[in-house]
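Chain by chain, the residues:
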Amino acid sequence: MKLDANALRYMSSDEFRVLTAVEMGSKNHEVVPTSMIAHISQLRHGGSHKIVGELAKRSLIGRVQNASYDGYRLTYGGYDYLALKTFVKRGSVYSVGNQIGVGKESDIYLVADEEGHQHVLKLQRLGRMSFRTIKSKRDYLQKRKSASWMYMSRLAAMKEFAFMKVLHEHGFPVPEPIDYSRHCVVMELIDAFPLRQIDVVGDPGKLYNDLMAMIVKLAQYGLIHGDFNEFNILIKNNGDPVLIDFPQMVSIDHANAEFYFNRDVECIRTFFRRRFGYESKLYPRLSVDVNREFSLDVQVAASGFSKKMQDELESYQEEVQQDEQGQETTDDESDGPSDDEDSIPKDMTEEEENEARLLNLRLGNTEPEGFDADSSDNESNDDDGQDGDSVSSMANDIGSDGGSLERLDNRDYKAHRDTSATDQEPSSSKPKKKLTKEDVIKEKVSRGLRSKSNKQQTRQLTRRNLTKGRDKRRNQDIVKSASGGTGGIFD
């Protein structure tokens, strides 16, 4: 969902009160009942019902269809407004600018504070790309309490702010964290370009060494990035790298720490080999090159992001990766090539196989003239070769009785069989008749007459549709004027 902050300045305190009531009710209800919204907001004279309708028009809350009771759920738009309202009260955000980036599960906007200093606002959007696959297969409300996509987004923002704050305090090249609320993080604006947009580097070896040293230094401080690639690395004008995006960061005490460490190293090696043509035989390993010196993971846990939250977020990320891998395998299986002969069931009788092959012959799916059917069939089974001979003899009988078979323009056949023009011509007993000058003229005249008749028919259909539409609109005007009480027949 795109952030539209235009209506934020015109919202009243009562509207934010009702929106906060929907958020509070979402902790225990997927669909918050209308009576509960009115009870939590505690507005006089039933004012919450009118405000709920106005919020629904702005798509800040959504009404669930076919629900067993009347209720609403909080949307990402309403969640954005609540976070922005908190930032405005704290003075972190005063104005919202353009969108400067979009990720698989986040949106990046340019914001400014009251003094005019520009910052970056990152809104987590977990579940946007994988909602249809994971949400339909696994019910998070049965597995965890108060689990939803917004809850996961809030955990991701909390984790990113905690790791970013610890890394910035210890001198790592990361943006300075400013503030966070719910699923949003405000951070420093870095004047740099993503590594994926850079085609030429003055010294690829130096940049490669800097990135590998950063991976090792993170591990020595007890952390592994988990998504260390060209999309999450910014390069300044002087060539210094800056690391961003920390929701997947884990501790080196993690069960799969070595796997994540090796994956980060391999991502950088693969990118440098493909983009810059640079490949080094030297690369770090977790068990050899890393000696733990500090425990930043313990500091992050002490800052409020508990181990329980970490486990919940990691389980979500693993489920997303497994679902994406399963979806890729199913797409590969569905996109696999299939020949015409594979479409014939293996348990068919000889008569059914002959009929199927004759149907392919009539449709033009014949083998090229240079193709030896017996040799290919004998490789799999000798009986299949006899069937091919019987089919070819039956085809010849049909050709002798009813004339030569007309070959259709089968594009699939031409795509899969790269044959020459001479091989694609069907073998016929009678040679083709040469077209004379008179035949060519007759063909042109008949083609012109056909196109002329088609144009005339198209004009007639267009006039008929316009007449019908005009009559329909006239009847609608009559009904409207009559219902308005102008003396019509319906008064």
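Here is what the cut-offs are and how they apply
Residues numbered from 1 in each chain as written. Predicted model: local features only at pLDDT ≥ 70, side-chain atom pairs only at ≥ 80, totals over all residues. Heavy atoms only, no water. Helix = DSSP H or I, 4+ residues; strand = E, 2+ residues; numbered from the N terminus. Buried < 20%, exposed > 50% of the residue type's maximum accessible area, 1.4 Å probe, protein only. pLDDT = per-residue confidence, 0-100. Contact = heavy atoms within 4.5 Å. Pairing = 2+ DSSP bridges. Axes fitted to C-alpha atoms, helices over the stretch in contact; angles between N-to-C directions. Expected span 1.5 Å × (residues − 1). Salt bridge = Lys/Arg side-chain N within 4 Å of Asp/Glu carboxyl O. Core = buried A, V, L, I, M, F, W, Y, C linked by side-chain atoms within 4.5 Å.

Draft legend 1. How the structure looks around unusual backbone geometry. Of note, the phi angle at Gln42 is positive, near 55°, even though the residue is not glycine. Note that Gln42 resides in the loop between helix H2 (34-41) and helix H3 (47-57). Residue classification places Gln42 among the exposed residues on the basis of a relative accessible area of 58%. Residue Arg182 is not a glycine yet carries a positive backbone phi of 55°. In this fold, Arg182 is placed in the loop between strand S7 (177-181) and strand S8 (184-188).

Draft legend 2. Seen up close, the confidence of the model for the chain. Per-residue confidence for the chain averages 75 on the pLDDT scale, and 65% of its residues sit at or above 70. The model gives residues 131-143 a pLDDT under 50, and that stretch makes 23 contacts with residues more than four places away or in other chains. Per-residue pLDDT stays below 50 along residues 486-491; that stretch engages in six contacts with residues further than four places along the chain or on separate chains.

Draft legend 3. Region of interest: the pairing of strand S4 (residues 95-102). Pairing of S4 with strand S5 (residues 106-112) involves five bridges; the strand directions are antiparallel. The residue bridging Gly101 from the neighbouring strand is Ile108, located in S5. The hairpin turn running from S4 into S5, its antiparallel successor, is three residues long.

Draft legend 4. Seen up close, the pairing of S5. S5 sits mainly inside the fold: six of its seven residues count as buried. Turn length for the S5-strand S6 (residues 118-124) hairpin, with the two strands adjacent in sequence and antiparallel, is five residues, and the turn residue Gly116 shows positive phi of about 90°.

Draft legend 5. Representation of the sheet that holds strand S9 (residues 193-194). In space, the three strands of this open sheet follow the order S9-S11-S12, with antiparallel pairing throughout. The sheet is open, and its two borders are formed by S9 and strand S12 (241-243), each paired with just one other strand. Bridge count for strand S11 (residues 233-235) against S12 is three bridges, and the pairing is antiparallel. Bridging across to S12, Leu234 finds its partner in Val242. Packing of helix H8 (residues 204-220) onto the sheet brings it into contact with S11 and S12, and relative to S12 it is tilted by some 30°.

Draft legend 6. Representation of helix H1 (residues 13-25). In a regular helix each residue adds 1.5 Å, so 13 residues correspond to 18 Å; H1 covers 18 Å between its end C-alpha atoms and thus fits that length. For H1, every residue scored as buried is listed here: Glu15, Phe16, Val18, Leu19, Ala21, Val22, Glu23 and Gly25. Those residues of H1 hidden inside the fold are in contact with strand S1 (32-33), H2, H3, strand S2 (61-63), strand S3 (71-74) and helix H4 (76-90).

Draft legend 7. Highlighting the pattern of salt bridges. A complete count under the given rule lists 14 salt bridges for this structure. A salt bridge links Lys122 to Asp245, with the shortest nitrogen-to-oxygen separation between them at 3.2 Å. Residue Lys122 is located in strand S6, and its partner Asp245 is located in the loop between S12 and strand S13 (250-251); the two are separated by 123 residues in the primary sequence. Residue classification places Lys122 among the buried residues on the basis of a relative accessible area of 6%.

Draft legend 8. Spotlight on the nonpolar core. Of all hydrophobic cores here, the largest spans 46 residues; its most connected members are Leu167 and Ile268. Where this core is concerned, the elements lending two or more residues are helix H7 (149-169), S8, H8, strand S10 (223-224), S11, helix H9 (257-275) and helix H11 (296-302). Per-element accounting of this core gives the leading share, eight residues, to H8.

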